[in-house]
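Fold and contact review
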Amino acid sequence: MSGKRKRVVLTIKDKLDIIKKLEDGGSSKQLAVIYGIGETTVRDIRKNKEKIITYASSSDSTSLLAKRKSMKPSMYEELDKAMLEWFNQQRAKGNPVSGPICAKRAEFFFYALGMDGDFNPSAGWLTRFKQRHSIREINIRNERLSGDETAVEDFCSNFRDYIERENLQPEQIYNADETGLFWKCLPSRTSVIKGKCTVPGHKSMEERVTIMCCANATGLHKLKLCVVGKAKKPRSFKSTDTSNLPVSYFSQKGAWMDLSIFRQWFDKIFVPQVREHLRSKGLQEKAVLLLDNSPTHPNENVLRSDDGQIFAKYLPPNVASLIQPLNQGVIATMKRNYRARLLQNNLEEGNDLRSFWKKLTLLDALYEIAMAWNLVKPVTISRAWKKILPTIEEKEGLDFDEEDISVAAIATILQHTKGLENVPTENIEKWLEVDSTEPGYEVLTDSEIIKRAQGHTDESSENEEEEIELIPEKHINHAAALQWTENLLDYLEQQGDMILPDRLVIRKLRATIRNKQKMANSSQ
């Protein structure tokens, strides 16, 4: 008789590993044997997959997740959610955070959430908060983090030592970064409004998507852009298969990057494409992805290939704004390419501003932004790494021809664009930079953080029509509509299995159209 199985308590990291293996086709029975647990436990892990991943993604420490065995909630769960959201936003912005600042903020959220009783944000509470979310350190010097040159030197030195130990070449070192793009924004004679374009005869409207660029340090491997829009299947896509688009398209109700989308992108797009590229170069299939501290970037534990050879590493919050490669002019160059191409295409087609506005759809914009990314030269990307990898330019022997599209070049195109002939230089510059500070993640106000912590969602956002972009209206006259109903009726008559009510509905519709046609003719 076999003895009773010894009770095994899995760590959070163990559970993440099991989730990965399940997603790759592993069976519950096999995994139960490997980890010494029951099949029921494996099924429970599968059931709670999203909860486990979300918890791990908000964690700040790989080593703590390897030790932690439970996701014990806080006694003040709503307060915990609000504080974590606030903390992640502060870290992403590079704002200074200390124990006293956290305590003061926790007290504010406690009363703002309408919680009962007395709350004392003591050192013990702060310690437990850090433990629950595997936050390594919360005290940061009382200076704005975005200007720490000493920290830059320290990080760069440590990172160079790290890639030398790991035997990584520039071809194996990547960076990804998100930005907002107002894809339908045009310059104006007066001013530029973020995300809006006012055209005579048309209402102003906001059109925004999130774009994520990713490339390696040589600039020779640029992944397809990752684009997050609001609609799962925008109307302008029509019969287009999203897998055939020139970008990797995802949807989210606010068109923001989020933890789930980023993880899908990493597992399904980044890892396979990096493997393929490195194989083509005859290099070991090993790579590091350098990221900033955006709240939408999961923990390092989650961003790791099955064999652990392709993984993420984070820039410290106090250096990201100074040295993140794609933010050193690469994304700005792509956006300039995009906007210049839109104007040039409009000019070549001989359209006026009104026609341009009516015709431009999200599908058009995706093809144009993909081309704009293709036009960014490897040298522009490689040059952006010089603070982190100063030897890469000399090593790769790169040619430094200027490729930046100047304001003067844009002004020349505008001089030949009907409706935009006299846009001041200052407005052109503002237009080119209109979304330069747009993050790829949703920045919440205090009131929005409170609503989210309480589980309140914007019902109007959830129930709104999937696609809100302006689609040119196609006018169909009465005669054409009548002909279509006649054809449809003929078709139904030929189908012996069609029931009578179907034909009656179409006949009624035909009668309605005939009446409308008569009224229109009599009024002429």
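Remember, predicted model here, so these are calculated numbers, not experimental data.

**So, the pairing of strand 2 (residues 209-216)**
- When you tally the buried positions in strand 2, you get 8 out of 8 residues, the bulk of the element.
- Both faces of strand 2 are covered, namely the face carrying Val209, Ile211, Cys213 and Ala215 and the face carrying Thr210, Met212, Cys214 and Asn216.
- In terms of strand pairing, strand 1 (residues 173-181) meets strand 2 through 8 bridges, oriented antiparallel. When the bridges of strand 2 are listed, threonine 179 appears paired with isoleucine 211.
- For strand 2 and strand 3 (residues 226-229), the ladder comprises 3 bridges, and the chain directions are antiparallel.

**What about the pattern of salt bridges?**
- This model, assessed by the stated rule, comprises 18 salt bridges.
- The partner of arginine 275 in a salt bridge is glutamate 285, with the nearest N and O atoms 3.3 Å apart. Separated by 10 residues along the polypeptide, arginine 275 in helix 10 (residues 259-280) and glutamate 285 in the loop between helix 10 and strand 5 (287-291) bring together distant segments of the chain.
- Its relative accessible area of 25% is what places glutamate 285 among the partly exposed residues.

**A closer look at the UniProt feature "DNA-binding region" (unreviewed entry) in the protein chain**
- In the numbering adopted here, UniProt assigns the feature "DNA-binding region" (unreviewed entry) to residues 28-48.
- Split by type, residues 28-48 is 81% helix and 0% strand. Its first and last C-alpha atoms lie 14 Å apart.

**Let's talk about the packing of aromatic side chains**
- A complete count under the given rule lists 12 aromatic pairs for this structure.
- Look at phenylalanine 110 and tyrosine 111: their rings are 5.1 Å apart centre to centre, the planes differ by 85°, and that puts the pair in the edge-to-face class.
- On the basis of relative accessibility, which here comes to 48%, the residue tyrosine 111 falls in the partly exposed class.
- Summarising the aromatic geometry, the rings of phenylalanine 119 and tryptophan 125 are spaced 5.7 Å apart at their centres and angled 90° between planes, so their arrangement reads as edge-to-face.
- Put simply, the rings of Phe110, Tyr111, Phe119, Trp125 and Phe129 touch in pairs and so form one group of aromatic residues.
- If you follow lysine 222 out to its NZ or CZ, it ends over the ring of tryptophan 373, 5.4 Å from the centre.

Analysis parameters
- Residues numbered from 1 in each chain as written.
- Predicted model: local features only at pLDDT ≥ 70, side-chain atom pairs only at ≥ 80, totals over all residues.
- Heavy atoms only, no water.
- Buried < 20%, exposed > 50% of the residue type's maximum accessible area, 1.4 Å probe, protein only.
- Helix = DSSP H or I, 4+ residues; strand = E, 2+ residues; numbered from the N terminus.
- Pairing = 2+ DSSP bridges.
- Salt bridge = Lys/Arg side-chain N within 4 Å of Asp/Glu carboxyl O.
- UniProt positions renumbered as here; feature names shortened; annotations may be inferred.
- Phe/Tyr/Trp six-rings, centres within 6.5 Å; stacked < 30°, edge-to-face > 60°.
- Lys NZ or Arg CZ within 6 Å of the ring centre and 35° of its normal.

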